[in-house]
Amino acid sequence: MAMLDRALVRVLPAVPRSVVRRISNRYIAGTTLADAVRVVKQLNADGKTATVDVLGEETRTRRETLDIVRAYHDVFEAIERERLDSNVSIKLTALGLNLAYELCRANLFKVVRHAAESGNFVRIDMEDSSTTSETLELYRELRDEGLDNVGVVLQAALRRSIRDIHALAPLRPNVRLVKGIYVEPPLIAYQEFEEVQQNFVRCLHELLEAGSYTAIATHDELLLAEGKRLVAERGLAREEYEFQMLLGVRELVANRLVRDGHRLRIYVPYGEHWYRYSLRRLQENPKIAGYVASDTLNRLFGANGR
Ligand SMILES: Cc1cc2nc3c(=O)[nH]c(=O)nc-3n(C[C@H](O)[C@H](O)[C@H](O)COP(=O)(O)OP(=O)(O)OC[C@H]3O[C@@H](n4cnc5c(N)ncnc54)[C@H](O)[C@@H]3O)c2cc1C
């Protein structure tokens with residue numbers, strides 16, 4: 001990232017919400033379920049599958065967590081009604097993990113059981129490292145109850161991930177492998193870009209070795225190439241792994257994966273609570289300074305520079 005972009009990333013929280021909203025529009029389907037349905041339909045028509053995320057991390061009250069459970073209920077109904085090719089992704093802090101483990105557990109079981117009834121699948125997103133152990137514990141509890149329509153996320157940035165893969169291996173977990181978006185200290189996380197890449201490849205190798213259904217979630221060309229190489233080396237069929245990308249990121253690369261015959265799932269967030277998700281996406285956009293600058297110019301001089 002260029003110096004100006006890095007500097008801007010640090011002050012992003014000070015950028016007015018209206019600007020953040022405009023320049024992060026591409027990352028979010030909209031504020032309503034109807035918006036998400038429209039976007040997923042288009043993705044399906046383009047040969048891509050989807051995972052719908054109801055935005056709303058870190059809920060503050062029990063009532064808010066129940067609203068999230070209800071929202072997922074509506075998502076499952078919409079997926080069935082509209083015959084969408086999509087599953088869901090969920091954040092445990094939205095279900096109350098920071099309020100009470102038992103509350104989160106009860107909410108999570110409700111969502112996963114509902115998914116099972118409609119033949120659907122729930123991916124539990126991974127949040128910052130303060131939640132890793134409890135997230136994996138809840139995943140185990142679900143699997144112990146015989147609920148197999150659920151998967152987790154492991155972050156290549158975390159040093160523990162390779163141990164987590166080995167510990168989970170007997171369950172043959174369904175895992176989305178990502179680099180990891182949260183800033184974590186050196187004691188527990190790799191800090192260098194190349195170190196994270198290397199650990200991503202190592203984790204991917206171990207997951208495939210364990211016979212896990214693996215979702216290779218990255219926009220990084222090197223990791224996409226390694227992913228393709230490793231699945232080809234093992235002779236995996238199309239339905240034995242998938243690639244995943246975020247809505248609004250590197251669409252040309254995404255289209256190429258589909259053209260080459262890979263299964264590709266797009267992460268489709270929607271909802272009223274768009275701000276924190278948007279900040280995280282903008283922080284990763286290597287051209288963030290350009291976007292903020294052109295938005296500012298457009299506002300000052302009009303969309304066409306008039
Ligand atoms: C489907 C999916 C689900 C995810 N779930 C989680 C999760 O549960 N927990 C978690 O910690 N992280 C999650 N992530 C985020 C992940 O950890 C990374 O932060 C993110 O994917 C960026 O890493 P990268 O591998 O794409 O590599 P990068 O090196 O960051 O990106 C590679 C290239 O992609 C392009 N790019 C990447 N991001 C953007 C952007 N926002 N805007 C424009 N261009 C961009 C740039 O050209 C960049 O050079 C998820 C990512 C995906 C794709």
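This section reports on the structure supplied with the text. (Residues numbered from 1 in each chain as written. Predicted model: local features only at pLDDT ≥ 70, side-chain atom pairs only at ≥ 80, totals over all residues.)

Focus on the environment of N87
At step 1: Along the chain, the position of N87 falls in strand 2 (residues 86–90).
At step 2: By C-beta crowding, N87 is classed as buried, having 21 other C-beta atoms within 10 Å.
At step 3: Taking the C-alpha atoms as reference points, N87 and A50, separated by 37 residues in sequence, lie 6.4 Å from one another.
At step 4: Sequence-distant contacts of N87, defined by excluding residues within four places in its chain, comprise T51, N120, F121, V122 and R123. (Helix = DSSP H or I, 4+ residues; strand = E, 2+ residues; numbered from the N terminus. Buried ≥ 20, exposed ≤ 12 C-beta atoms within 10 Å, placed from the backbone. Contact = placed C-beta atoms within 7 Å.)

Some details on the pairing of strand 6 (residues 214–217)
Regular strands have side chains that alternate between both faces of the sheet.
At step 1: Side chains of strand 6 alternate between two faces, with T214 and I216 and A215 and A217 buried alike.
At step 2: In this sheet, strand 6 lies alongside strand 5 (residues 175–178) in parallel orientation, the contact comprising 3 bridges. Residue pairing across strands places L177 opposite I216, the latter belonging to strand 6.
At step 3: Judged from the 4 bridges that link them, strand 6 and strand 7 (residues 241–246) form a sheet pairing that is parallel. (Pairing = 2+ DSSP bridges.)

A short note on the sheet that holds strand 3 (residues 122–124)
At step 1: Taken together, the 8 strands give a closed barrel; going around it, the order is 1-2-3-4-5-6-7-8, and neighbouring strands pair in parallel fashion. Within this sheet the neighbouring strands show an average axis-to-axis angle of 30 degrees, counted without direction.
At step 2: Pairing of strand 1 (residues 49–54) with strand 8 (residues 264–270), which is carried by 6 bridges, proceeds in the parallel orientation. Bridge pairing in strand 8 places A50 opposite I266.
At step 3: Along the sheet face, helix 4 (residues 62–81) touches strand 1 and strand 2 and points at about 155 degrees away from the line of strand 1. (Axes fitted to C-alpha atoms, helices over the stretch in contact; angles between N-to-C directions.)

Details of the site of the ligand
At step 1: For the ligand, the set of nearby residues contains 23 residues, the closest of which are D125, V178, T218, H219 and N285.
At step 2: Where the shell around the ligand is concerned, the elements lending two or more residues are strand 4 (150–155), strand 7 and helix 11 (275–284).
At step 3: Of the residues assigned to the shell around the ligand, the class counts are 11 nonpolar, 6 polar and 6 charged. (Near = placed C-beta within 6 Å. Nonpolar A, V, L, I, M, F, W, Y, C, P; charged D, E, K, R; others polar.)

Quick notes on helix 5 (residues 101–117)
At step 1: The first and last C-alpha atoms of helix 5 sit 24 Å apart over 17 residues, in line with the 24 Å expected at 1.5 Å per residue.
At step 2: Those residues of helix 5 lying buried are C104, N107, L108, V111, V112 and A115. Buried residues of helix 5, seen end-on, are gathered within an arc of 130 degrees and therefore sit on one face of the element. Exposed residues pointing more than 90 degrees away from the buried face of helix 5 are listed as E102 and E117. (Expected span 1.5 Å × (residues − 1). Arc of directions from axis to C-beta.)

A closer look at the nonpolar core
At step 1: With 72 residues, the main nonpolar core has L177 and V268 as its most contacted residues.
At step 2: Setting aside chain neighbours within four positions, we find L177 in contact with L154, A156, F200, C203, L204, L207, T214, A215, I216 and A217. (Core = buried A, V, L, I, M, F, W, Y, C linked by C-beta atoms within 7 Å.)

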